[in-house]
Amino acid sequence: MNRRTLLASAAALALMAMLPPLPARAQGTPIPEGEKLKVGFIYVGPVGDGGWSYQHDLGRKAIEAHFGDRVETSYIENVPEGADAERALTQLALAGNKLIFATSFGFMDAVINTAAKFPDVKFEHATGYKRAENVATYDARFYEGRAVMGTIAGMMTKTNKIGFIGSFPIPEVMQGINSTFIHARKVNPDVELKVVWAYTWFDPAKEADAASALLAEGVDVILQHTDSTAPLAKLQEKGGIGFGQASDMAAFKPTPRVSAIIDNWEPYYIKRVGEVLDGTWASHGVWLGIKDGEVGIGEITEAVPAEVKAAAEAMRDQIAGGYHPFTGPLNKQDGSAWLAEGQTPTDEELASMDFFVEGITAQIPR
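Everything numeric in this text was worked out from a predicted model, so none of it was measured.

Student: I keep staring at the overall build of the protein and nothing clicks. Help me out?
Tutor: A tally of regular secondary structure across the protein gives 11 helices and 14 strands. Taken over C-alpha atoms, the radius of gyration comes to 20 Å for the protein, in line with the 21 Å a tight globule of 366 residues would show. Seen along its three principal axes, the alpha-carbon backbone of the protein occupies a region of about 60 × 40 × 35 Å. For the protein, the proportion of its 366 residues judged to be buried stands at 56%. Considering only residue pairs separated by 6 or more positions, the protein has 69% of its internal contacts joining residues 24 or more positions apart. For the protein, the exposed area adds up to about 14400 Å²; of that, 53% sits on carbon and sulfur atoms. A gap of 1 Å separates the mean positions of the 33 positive and 46 negative side-chain charges of the protein.

Student: What's the story with the UniProt feature "domain: ABC transporter substrate-binding protein PnrA-like" (unreviewed entry) in the protein in this structure? I'm lost.
Tutor: Under the present numbering, the feature "domain: ABC transporter substrate-binding protein PnrA-like" (unreviewed entry) in UniProt falls on residues 37–304. For the annotated span residues 37–304, helix accounts for 39% and strand for 24% of the residues, and the straight-line distance between the end C-alpha atoms is 45 Å.

Student: Would you take a moment to explain the sheet that holds strand β12 (residues 295–297) for this structure?
Tutor: Hydrogen bonds between backbone groups are what pair the strands of a sheet, and the pairing can be parallel or antiparallel. As summarised here, the arrangement of the six strands in space is β7-β6-β8-β9-β10-β12, forming an open sheet in which the pairing is mixed. Lying at the two open borders of the sheet, with one neighbouring strand each, are β7 (192–197) and β12. Ignoring strand direction, the axes of neighbouring strands in this sheet form an average angle of 20 degrees. With five bridges joining them, strand β9 (residues 241–246) and strand β10 (residues 257–263) adopt parallel strand pairing. For Gln 245, the partnering residue across the bridge sits in β10 and is Ile 261.

Student: Where do I start with unusual backbone geometry in this structure?
Tutor: Backbone torsion omega between Lys 253 and Pro 254 reads -5 degrees, so that peptide bond is classified as cis. Mapped onto the fold, Pro 254 is located in the loop between β9 and β10. With an omega of 15 degrees, the peptide bond between Thr 255 and Pro 256 qualifies as cis. If you trace the backbone, Pro 256 turns up in the loop between β9 and β10. Residues other than glycine seldom take positive phi values, yet Asn 160 does so here, at roughly 65 degrees. What makes Asn 160 partly exposed here is its relative accessible area of 25%. Notably, Ala 246 is not glycine yet its phi reads approximately 75 degrees, a positive angle. The topology assignment puts Ala 246 in strand β9.

Student: Would you mind going over the pairing of strand β4 (residues 122–126) with me for this structure?
Tutor: The two faces of a sheet get side chains in turn, since along a regular strand they alternate between them. Along β4, five of the five residues are buried, which leaves the element largely enclosed by surrounding structure. Of the two faces of β4, the one lined by Lys 122, Glu 124 and Ala 126 and the one lined by Phe 123 and His 125 are each fully buried. Here strand β3 (residues 99–102) runs beside β4; their pairing, made up of four bridges, is parallel. Within β4, the position partnered with Ala 102 by the bridge is His 125. Crossover β3 to β4 through helix α4 (residues 108–117) is right-handed.

Student: What is the right way to look at the packing of aromatic side chains in this model?
Tutor: How two aromatic rings sit relative to each other is given by the distance of their centres and the angle of their planes. Counted according to the given criterion, the structure contains 20 aromatic pairs. Pairing Phe 41 with Tyr 269 gives two aromatic rings, centres 5.3 Å apart and planes at 70 degrees, and the pair type is edge-to-face. A residue pair is termed long-range when its members are at least 10 positions apart, and Phe 41 in strand β1 (residues 37–42) and Tyr 269 in helix α9 (residues 266–278) qualify at 228 residues. Through pairs of rings, three or more aromatic residues link up here, namely Phe 41, Tyr 43, Trp 52, Tyr 75, Phe 101, Tyr 138, Phe 142, Trp 265, Tyr 268 and Tyr 269. Here the basic side chain of Lys 332 rests over the ring of Phe 355, its NZ or CZ set 4.7 Å away from the ring centre.

Student: Could you clarify how one ought to interpret the domain arrangement of the protein in this entry?
Tutor: Note: interface size is frequently given as the accessible area lost on complex formation between the parts. Each domain of the protein was delimited in the assignment, giving domain 1 (37–141 + 265–292) and domain 2 (142–262 + 296–352). Domain 1 puts 16 residues into the contact, and the matching count from domain 2 is 22 residues. Summing the contributions of domain 1 and of domain 2, the shared interface buries around 1500 Å²; its carbon and sulfur component is 63%. Ranking the residues of domain 1 by area buried against domain 2 places Arg 141, Trp 287 and Ile 290 at the top, with a combined share of 45%.

Student: How do you make sense of helix α8 (residues 230–238) when you look at a structure like this?
Tutor: Each α-helix turn comprises 3.6 residues. Residues three or four places apart therefore point the same way. Three or more residues of α8 are buried, namely Ala 230, Pro 231, Leu 232, Lys 234 and Leu 235. Elements that come into contact with the buried residues of α8 comprise β6 (161–166), α7 (204–216), β8 (221–224), β9 and β10.

Student: Help me understand the packing of helix α2 (residues 52–67) against α9, please; the structure alone is not making it clear to me.
Tutor: Two quantities define a packed helix pair, namely the angle between the axes and the distance from one axis to the other. Their axes nearest at 8 Å, the elements α2 and α9 cross at an angle of 50 degrees. With respect to each other, α2 and α9 are oriented oblique. Considering only the axes of α2 and α9, their crossing is right-handed. Contact residues: α2 offers His 56, Leu 58, Gly 59, Arg 60, Ala 62, Ile 63, His 66 and Phe 67, while α9 offers Glu 266, Tyr 269, Ile 270, Val 273, Gly 274 and Leu 277.

Parameters at a glance
Residues numbered from 1 in each chain as written. Predicted model: local features only at pLDDT ≥ 70, side-chain atom pairs only at ≥ 80, totals over all residues. Heavy atoms only, no water. Helix = DSSP H or I, 4+ residues; strand = E, 2+ residues; numbered from the N terminus. Rg over C-alpha atoms; globule rule 2.2 N^0.38 Å. Buried < 20%, exposed > 50% of the residue type's maximum accessible area, 1.4 Å probe, protein only. Contact = heavy atoms within 4.5 Å. Areas by Shrake-Rupley, 256 points an atom, 1.4 Å probe, with all protein chains shown as cover. Lys, Arg positive; Asp, Glu negative; His and termini not counted. Charge placed at Lys NZ, Arg CZ, Asp CG, Glu CD. UniProt positions renumbered as here; feature names shortened; annotations may be inferred. Pairing = 2+ DSSP bridges. Axes fitted to C-alpha atoms, helices over the stretch in contact; angles between N-to-C directions. Right-handed = clockwise from strand over helix to strand, strands pointing away. Phe/Tyr/Trp six-rings, centres within 6.5 Å; stacked < 30°, edge-to-face > 60°. Lys NZ or Arg CZ within 6 Å of the ring centre and 35° of its normal. Domains from an automatic or database assignment. Buried area = accessible area lost by both parts, 1.4 Å probe. Parallel < 35°, antiparallel > 145°, perpendicular 65-115°, else oblique. Left-handed = near helix turned anticlockwise from the far one by under 90°.

The structure is reproduced here in C-alpha cells:
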C-alpha cells in the first residue's frame with residue numbers, strides 16, 4: 001500500500017470526519033532551557049523526490065533554522081506503510097524523540113498503535129483522520145491550488161484536452177481532479193479531461209509512462225498528483241506544459257513547468273515544535289489552505305500569457321478571500337444533483353468524495 005491507501009475508504013473517512021474533535025488539552029510541561037527537544041520524521045519516499053517528501057524535509061530544516069540548538073531533528077526515508085512504519089516510529093520513539101511527524105496517510109494505523117505504546121511522545125500525522133490525546137492530524141486543501149492550475153490549463157490548451165495523472169482514486173485525489181476540471185471548464189467550455197491512474201505515489205518510470213499515455217491521446221497540458229518530476233521531464237522532451245506538484249519543481253521553469261502548487265509545511269512545523277517547547281501542545285485536526293499560507297501558488301512564468309496569469313492570480317485571490325472551489329450549481333458525473341446554486345459542501349462531504357463531477361468522461365476504478 002502507498003500513502004493515503006485505498007483501505008481508507010470514503011465511508012471510513014466520512015464516519016471519522018463526523019466524529020466530534022477531541023477537546024484541546026495541553027500535553028506536558030515546557031522543555032527546560034538548555035535541554036534539547038528531539039524531533040523525528042518518517043517519509044514514504046526519498047527526501048530527493050523533488051516533491052512530497054522533499055517539501056516535508058524543507059519543513060524539518062526550517063525547524064532547525066528557527067530553533068537552533070534548542071532542537072535536534074532526524075528522519076527515516078523510504079518507509080513502506082504497514083509493519084515497517086510501526087518499526088520506524090518505534091525506533092524514533094526509543095531514540096528519545098518527543099515529537100514525531102508521520103508524513104503519509106498510510107502511516108495512520110502505525111501512528112495510532114505506536115502512540116498507544118509511548119503516551120509521553122507526541123505524534124503528528126499528515127493527511128490522516130485518526131486522533132488520540134497524543135496524536136494530532138494536519139492536512140492541506142490541495143484542491144484550492146487545483147482551481148488555480150485548472151484555470152491556467154483551460155486557457156492554455158491548444159487541443160482542448162488536458163490530462164491528470166492520479167495516484168489512487170481516494171477523496172484527496174478526487175477533489176483535485178474535480179476542481180481542476182470545474183475551473184478549466186469555466187474558462188474553456190470545450191475542455192476535455194483525461195485521467196491516467198499510476199497506482200503509485202513515487203515511481204518515476206510509471207509516472208513518465210502515464211504522461212506518455214496522456215500525450216498519445218492528444219493532451220497538451222498535464223497535471224499530476226504523484227511525487228516525482230518525471231511527468232515534467234517527459235513534457236520537456238515531447239512538448240506541452242505542466243505544473244510543479246507539492247514543491248516548486250523550479251528546475252523545469254519557464255516551461256514546461258509554468259506554475260506550481262507548493263505545500264508549505266514550514267509555518268505549521270515551527271508552530272507545533274514551539275508549542276511542545278513551551279508546554280502548550282494539544283491534539284487537534286486542522287485542514288489549511290491558500291488563505292492560511294499552507295497551499296502556495298508558485299511563480300507563474302513568462303511562458304504564460306498576461307491575461308492567463310491575471311485570471312489565475314484572480315482565482316488565487318478569490319479563494320484567499322473566501323470563494324470555495326466547489327460552489328454550486330454542480331452535478332455528479334451521472335447527472336444527479338450535488339450542489340444547488342450557491343451551495344458549498346461541508347468538509348465531511350469533501351473528505352468522502354468518491355465521484356467525478358458532470359462533464360468528466362473518465363471512469364473511476366473500483
